[in-house]
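A look at the structure
Residues per chain, in single letters:
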Amino acid sequence: MNSLGEQIRAVLPYQRRNAASFAVLAFAMVLTLSAFAEVGLARDGHIPAGLFTIGGGLVVLALAAYFVQAKFLPYADPLLLPLAVALNGLGLAMIYRLDLDTSDTKKAAQLAGKKLIKDAADAPGQLLWTFVGIGLFVAAVLIMRDTTKTDAPLSFTPKTAQRYTYLTGLVAIILLLLPIVPGIGAEINGARVWIHVGPLSVQPGEFAKLLLVVFFAGYLVNKRQAMSLIGKKLGPFSLPRARDLGPIVVIWFFCLGVLFMQKDLGTALLFFGLFVSMLYIATQRVSWVAIGVGLLAVGVFVATQLPFMAHVNQRIDIWQNPKPYFDGGCLLDSGKVVPVNPDTTIYKREKAAGSGYPGFTACAKLGGEYSDSRQLMMGLFALGEGGVLGTGLGQGQPWQTPLSFSDFIFDSMGEELGLTGLMALLLIYALIVQRGMKTAVAARDPYLKLFAGGVSFVLGLQVFVIVGGVTKLIPLTGLTTPFLSQGGSSLMANWILIAILVRMSHDARKPAPQAIQDEGMTQIVSTR
Amino acid sequence: MSDFTLTLIKLAFLAVLWLFVIAAVGVIRADLFGSKAATKAATRAAQPPRPPKAGRPQMAAAPPPPSRRGAQGGAPSKLVVVQGERAGTVIDLTGVPITIGRANDATLVVTDDYASSRHARLYAQDGQWIVEDLGSTNGTYLGRTKVTRPMPVPPGVPVRIGKTVIELRK
């Protein structure tokens, strides 16, 4: 009387799938290189130099990662690494393609003696970060290698993190707080989520995401029984005891408070979703999902009522009706939106008066809140331009959208690959999440189950929040698109995430050790 | 380069992208239903005929699939302690996992010197109850089999934890 899954596993135990993994990885490399080739052929009529330098760089890195994984974690899931490489490669190709066009604009700006565009697509930089990211993957696989000796030097498996549950929670909070610290924190594009480390800017929130999963998993695995069984019944819901729920609610309020202060709504939404989903996985109670969605509704309502959270209202307003805000719109207290784009007279008047930001000052005089939906609208235009089949890589104009290489890279992909390409990209993400959830289901240890489930859920939610944002399904919030967006912190954190999943899948798929004494068949004696 | 060639290149790239996705799904498919290579490897591994693994006698004793479906219809509804200090205790099975052990936070607290504080866990999966040993000192026995990995518990089969014996009943 086994479940279907167990029956399948009994006749078909998990195999080493290194050959299949290598084949899919080779396919991912072909995909990346052909993306580079298409960019060059369409733009300049010949194979681009970037195919050999940047595309070749990725191929070498991916091969190194594959061999380390095959050597030290032979039973690992065959798909996680190739899928991540494919996304990373497609992102590199798109950033390379944007780099070619923005570098022309950069040169023109330089010749005209204008200020350089500070934030621009930077393919060599992204390759460097890919190098660091895959380097971290390799290092993580080596540190977490499968060894029979538990006291081997530098032996650290995902399970080891369970010992440091509260410490990890503390480190996550410190990482989230760092950007507020004056001196090292920095506000870029309206969100205070960056810190300066020497010449680099790092987003500590990306790493805090992983650490919070460790904390929630470690905490909930101890308390889940108490949380799901002990408590008062309130109609269909059962409320857990305050002492079981207390610490987790405290840390959750803390995270959300910090994130609202930093105006980083995307990360707040991400952490909230993580919190609810992990509670659900741990307790198997649907009432948690209902409580979570209710809390979210209350949070959004409170945020729209608070005067210092005006940007939440703006985001929601832009989401519902972006048109009046194009190139600048002014939300008055009455709820009316007055356009203050360069075609309006008030804008021209302010400009004639010598204001540096005419739209902004015009709006200030009207007594409203200034915001601009240019980015979102341009992204939507790009998607419309792409249509079903897209313009083809190198043949569209995705660089016209601000931040087309980071927050809006999904729209850039949509312009050049069309709906057909976007569906394939979303499927690749879905497959990564599915492999992660499959690892969670197959894992034998409850802690690792929670860990793998949380980590893969957070990846899927992140894709939903940013892709939903740039396609105007939900209000736009700034998050990175995993593996595609330009940026070091995101790449590093996501490669570590893949390494952790790979390690856990190796544990889950490894055949159980054989008993020393083979007792043979045992008959069940019915006692009835 | 002519527009026609560019369109061909564009479509070819989209085709490669989708083929990649399909190849990835194919690998998952092989994981679930077996591929030629995997089956060959499995038969090669099974060539020297070995007695079945120690952890698998339950499967051999399991009734054929049709009767399994019949058994699912009458899923157990309560857990009964038939032997030991707490003999006679009945716990309703609602789908919520049940822990057994000496610890105060266990669902079924047994005062038994031979039980560990967190001894075993019973949880529902796909309409049947699974017993899992939580690393106990003296082990958990399903019938006469030591529970070394999660095993399904048929109704009426005794599960022994220390001196306590429990049964699932319809």
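Residues numbered from 1 in each chain as written. Chains lettered and ligands numbered in written order. Predicted model: local features only at pLDDT ≥ 70, side-chain atom pairs only at ≥ 80, totals over all residues. Heavy atoms only, no water.

Let's shift gears to the sheet that holds strand E9 (residues 151-152) of chain B. All names here are of chain B. Reading across the sheet, the five strands line up as E4-E3-E5-E6-E9 and stay open at both edges, with mixed pairing between neighbours. This sheet does not close on itself; its edge strands, each paired only once, are strand E4 (108-109) and E9. The pairing of strand E6 (residues 128-133) with E9 spans two bridges and is classified as antiparallel. Looking at the pairing, Val131 lines up with Met151 of E9. (Pairing = 2+ DSSP bridges. Helix = DSSP H or I, 4+ residues; strand = E, 2+ residues; numbered from the N terminus.)

Once that is clear, we can look at the pattern of salt bridges. Opposite charge on two side chains lets them pair, provided their charged atoms get close. All names here are of chain A. In this structure the tally under the stated criterion is 11 salt bridges over all chains. Of the charged contacts in the structure, one is a salt bridge between Asp101 and Arg43, with a shortest N-O distance of 3.2 Å. Taken as a pair, Asp101 in helix H4 (residues 80-111) and Arg43 in helix H2 (residues 18-43) lie far apart in primary sequence, 58 residues in all. Exposure remark for Arg43: the relative accessible area of 25% places this residue in the partly exposed category. As a salt-bridge pair, Asp507 and Arg503 come within 2.9 Å of each other at their nearest N and O atoms. Residue Asp507 and its partner Arg503 are both found in helix H17 (residues 488-509); the two are separated by four residues, about one turn of the helix. Taking relative accessible area as the criterion, Arg503 reaches 3% and is therefore assigned buried. Via salt bridges that share partners, Arg43, Asp44, Arg97, Asp101 and Glu416 belong to a single interconnected network. (Salt bridge = Lys/Arg side-chain N within 4 Å of Asp/Glu carboxyl O. Buried < 20%, exposed > 50% of the residue type's maximum accessible area, 1.4 Å probe, protein only.)

Averaged over every residue, the pLDDT of chain A is 83; residues scoring 70 or more account for 88%. Mean pLDDT values over the elements of chain A span from 62, in helix H1 (residues 4-11) of chain A, up to 94, in helix H15 (residues 409-442) of chain A. (pLDDT = per-residue confidence, 0-100.)

Core analysis: the largest hydrophobic core is formed by 138 residues, its most contacted members being Leu90, Phe137, Phe216, Leu220, Phe451, Trp495 and Ile498 of chain A. Every residue in contact with Leu220 of chain A, bar those within four places of it in the chain, is listed here: Met227, Ile248, Met278, Leu279, Ala282 and Leu450 of chain A. Membership of the second largest hydrophobic core comes to 22 residues, among which are Val81, Leu122, Leu142 and Ile166 of chain B. (Core = buried A, V, L, I, M, F, W, Y, C linked by side-chain atoms within 4.5 Å. Contact = heavy atoms within 4.5 Å.)

Residue and element names in this part refer to chain A. The N-to-C vectors of H2 and helix H3 (residues 50-72) enclose an angle of 170 degrees; their axes lie 10 Å apart at closest approach. It follows from the interaxial angle that H2 and H3 lie roughly antiparallel. Here Asn18, Ala19, Ser21, Phe22, Leu25, Met29, Thr32, Leu33, Phe36 and Ala37 of H2 come into contact with H3, specifically with Gly50, Leu51, Ile54, Gly55, Gly56, Leu58, Val59, Ala62, Leu63, Tyr66 and Ala70. Residues of the contact of H2 with H3, tallied by class, amount to 15 nonpolar, six polar and no charged. (Axes fitted to C-alpha atoms, helices over the stretch in contact; angles between N-to-C directions. Parallel < 35°, antiparallel > 145°, perpendicular 65-115°, else oblique. Nonpolar A, V, L, I, M, F, W, Y, C, P; charged D, E, K, R; others polar.)

On to the state of the cysteines. All names here are of chain A. Across all of its chains, the model carries one disulfide over all chains by this definition. Cys330 shares a disulfide with Cys363; S-S distance 1.9 Å. On the sign convention where negative is left-handed, the bridge of Cys330 and Cys363, at about 80 degrees about the S-S bond, is right-handed. Linking Cys330 in strand E6 (residues 329-331) with Cys363 in helix H13 (residues 358-366), this pair joins segments that are 33 residues apart in sequence. For the pair Cys330 and Cys363, a shared accessibility class is recorded, and that class is buried. (Disulfide = S-S within 2.5 Å.)

Taking 1.5 Å per residue, 22 residues should reach 32 Å; H17 of chain A reaches 31 Å between its end C-alpha atoms and fits that length. The element H17 of chain A is largely enclosed, with a buried count of 20 among its 22 residues. (Expected span 1.5 Å × (residues − 1).)

Let us now look at the side chain of His506 of chain A. Residue and element names in this part refer to chain A. Structurally, the position occupied by His506 is in helix H17. Here Tyr75 takes part through its backbone nitrogen, which lies 3.1 Å from a polar atom of the side chain of His506. For His506, the residues in contact, after removing those within four places along its chain, are Leu73, Pro74, Tyr75, Ala76 and Asp146. (Polar contact = N/O pair within 3.5 Å; in protein donor to acceptor, adjacent residues only side chain to side chain.)

Taking burial as the measure, the six residues of E6 of chain B include five buried ones, the bulk of the element. Hairpin connection from strand E5 (residues 120-125) of chain B to E6 of chain B: two residues lie between these consecutive antiparallel strands, with Asp126 of chain B at a positive phi of about 50 degrees.

Moving on: the side chain of Ser136 of chain B. Residues and elements named next belong to chain B. Tracing the chain through its elements places Ser136 in the loop between E6 and strand E7 (140-142). Engagement of the side chain of Ser136 in a polar contact is seen with the side chain of His119, the distance being 3.3 Å. Here Asp133 takes part through its side chain, which lies 2.8 Å from a polar atom of the side chain of Ser136. Among all residues touching Ser136, those that are not within four sequence positions of it are Ser116 and His119.

All names here are of chain A. On the secondary structure map, Gly169 appears in helix H6 (residues 165-177). Sequence-wise, Gly169 and Leu212 are 43 residues apart; in three dimensions their C-alpha atoms are separated by 6.1 Å. In contact with Gly169, not counting residues within four places along its chain, are Phe215 and Ile251.

Time to look at the sheet that holds strand E11 (residues 164-169) of chain B. All names here are of chain B. Strand order across the open sheet formed by six strands is E2-E1-E11-E10-E7-E8, with antiparallel pairing between neighbours. Each edge of the open sheet carries a strand with a single partner, namely strand E2 (90-92) and strand E8 (145-146). For strand E1 (residues 78-83) and E11, the ladder comprises five bridges, and the chain directions are antiparallel. Residue pairing for E11: Gln83 is matched across the bridge by Val165.

Between the first and last C-alpha of H15 of chain A there are merely 34 Å, a value that for 34 residues lags more than 12% behind the 50 Å anticipated at 1.5 Å per step. The largest bend along H15 of chain A measures about 120 degrees and falls at Gly418 of chain A. (Bend = angle between axes of the 7 residues up to and from the residue.)

Residue and element names in this part refer to chain A. For the structure on display, the rule yields 15 aromatic pairs over all chains. The structure contains a cluster of three or more aromatic residues connected by ring pairs, namely Tyr166, Phe215, Phe216, Tyr219, Phe272 and Phe275. When the ring centre of Phe72 is taken as reference, the NZ or CZ atom of Lys71 above it lies at 5.0 Å. (Phe/Tyr/Trp six-rings, centres within 6.5 Å; stacked < 30°, edge-to-face > 60°. Lys NZ or Arg CZ within 6 Å of the ring centre and 35° of its normal.)

All names here are of chain A. The backbone phi angle of Leu403 is positive, close to 60 degrees, even though this residue is not glycine. Within the secondary structure, Leu403 is located in the loop between helix H14 (374-386) and H15. On the basis of relative accessible area, Leu403 is assigned to the buried category, the value being 18%. Its identity as a non-glycine residue notwithstanding, Phe483 has a phi of 70 degrees, on the positive side. Looking at the secondary structure, you find Phe483 in the loop between helix H16 (446-470) and H17.

So, on to the UniProt feature "domain: FHA" (unreviewed entry) in chain B. Per the UniProt entry, the sites bearing "domain: FHA" (unreviewed entry) are residues 98-147 of chain B in this numbering. Along residues 98-147 of chain B, the helical share is 0% and the strand share 46%, with 16 Å between the first and last C-alpha atoms. (UniProt positions renumbered as here; feature names shortened; annotations may be inferred.)

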